[in-house]
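Per-entry structural report
Below, each chain spelled out in residue letters.
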Amino acid sequence: ISDAFELLRRADISLYRAKEEGKGRAIGYHAELDEERLRLLRLEDDLRAALANGDVTVVYQPLVSAATGALNGVEALARWFTASGPVSPEVFIPLAERSGLIDKLGMHVLQKSLQNARAWPGLKLSVNVSPIQLCNPAFASSVSRLLDDEGFDPSRLTLEITEGVLMTNPDQAKRAIDELHKTGVRFSLDDFGCGYASIGALRQFGFDSMKIDRSLVCAADKEGKGQDVLRATIALATALSIPVTAEGIETSAQADILRGAGCDQLQGYLVGRPMSAADITAFGEATAA
């Protein structure tokens, strides 16, 4: 390559790909890296336009009582459908985080969820929050203002966060959690059991509940100590008076194991797939009958 700037550009692209794939590795430049970069730039523009036009939709997955099967609440999940088909949340949410769109995406999902949840006065609403959102000093005040604008009872709202925020910016996370706790908003630690978060972190940050990662649920189905680990995890949370939700329930056997272990709430395809707001209304009427 005769152009020094082009050499630096290619090195920079390779460097960022290496960082994305993890530390301690080297990635050589190849033309596909440029193609992928251009694809993501186009997708970023499309996502920006979708948010401006309100084209990112929200579906809801039921949360039911482990003991009775009654519908307790719903978890809001963002969905994005383009002219060429659906884009996975595993693609567009990290893209929103990298491109600075996550605050707008997160507040869009929260607002749509609050509006739809007015039709379900007896149900709790859970909404996922990106660690980047929680680290924004304006996050707590933005959520409080939106709750006021929509006339939504804060005690019905649970914000689910993963342990990543506890590692990257624990002080700001604690401030935001404490500020919103004062208004009545609840917090749940998501994906517990797949990382490094401890039971102690549940108390330190004032989490009101926790959600067991589906990997623990799947492990309980297999031979070995999977069930023992699952029971011990739930027992510790119970001792701390922290309600437990298990996600990824796909079989009756898994549900039976979790009920026996003292799990409070179940979520997964066995209970109900993500569905529209109208279908949630019908689901609630069916389970109450």
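Residues numbered from 1 in each chain as written. Predicted model: local features only at pLDDT ≥ 70, side-chain atom pairs only at ≥ 80, totals over all residues. Heavy atoms only, no water.

**Let's talk about unusual backbone geometry**
For residues besides glycine, phi is generally negative; the peptide bonds are generally trans as well. One non-glycine residue, aspartate 191, lies in the positive phi region at around 60°. You can see aspartate 191 is positioned in strand β6 (residues 186–192). Of note in the backbone geometry, serine 241 takes a positive phi value of approximately 60° without being a glycine. Residue placement: serine 241 occurs in the loop between α11 (226–239) and β8 (244–246). (Helix = DSSP H or I, 4+ residues; strand = E, 2+ residues; numbered from the N terminus.)

**Re the packing of helix α6 (residues 139–150) against helix α8 (residues 170–181)**
Two elements in contact, α6 and α8, have axes separated by 9 Å at closest approach and are oriented at 25°. When the axes of α6 and α8 are compared, the pair comes out roughly parallel. Between α6 and α8 lies a crossing of right-handed hand. Along its contact with α6, which presents Phe139, Ala140, Ser141, Val143 and Ser144, the element α8 presents Ala176, Glu179 and Leu180. Among the residues forming the contact of α6 with α8, the class breakdown is 5 nonpolar, 2 polar and 1 charged. (Axes fitted to C-alpha atoms, helices over the stretch in contact; angles between N-to-C directions. Parallel < 35°, antiparallel > 145°, perpendicular 65-115°, else oblique. Left-handed = near helix turned anticlockwise from the far one by under 90°. Contact = heavy atoms within 4.5 Å. Nonpolar A, V, L, I, M, F, W, Y, C, P; charged D, E, K, R; others polar.)

**Regarding the side chain of histidine 108**
As for its position among the elements, histidine 108 is in helix α4 (residues 102–117). Each residue touching histidine 108, except ones within four places of it in the same chain, is listed here: Leu51, Gly54 and Val56.

**Remarks on the pattern of salt bridges**
In the structure shown here, the tally under the stated rule is 6 salt bridges. As a salt-bridge pair, glutamate 44 and arginine 48 come within 2.7 Å of each other at their nearest N and O atoms. Pair noted here: glutamate 44 and arginine 48 are both in helix α2 (residues 31–53), with a separation of 4 residues, about one helical turn. Note that lysine 174 is salt-bridged to aspartate 178, the shortest N-O span being 3.0 Å. Separated by 4 residues within a single helix, lysine 174 and aspartate 178 lie in helix α8, roughly one turn from each other. Among the residues examined, lysine 174 registers a relative accessible area of 28% and is labelled partly exposed. (Salt bridge = Lys/Arg side-chain N within 4 Å of Asp/Glu carboxyl O. Buried < 20%, exposed > 50% of the residue type's maximum accessible area, 1.4 Å probe, protein only.)

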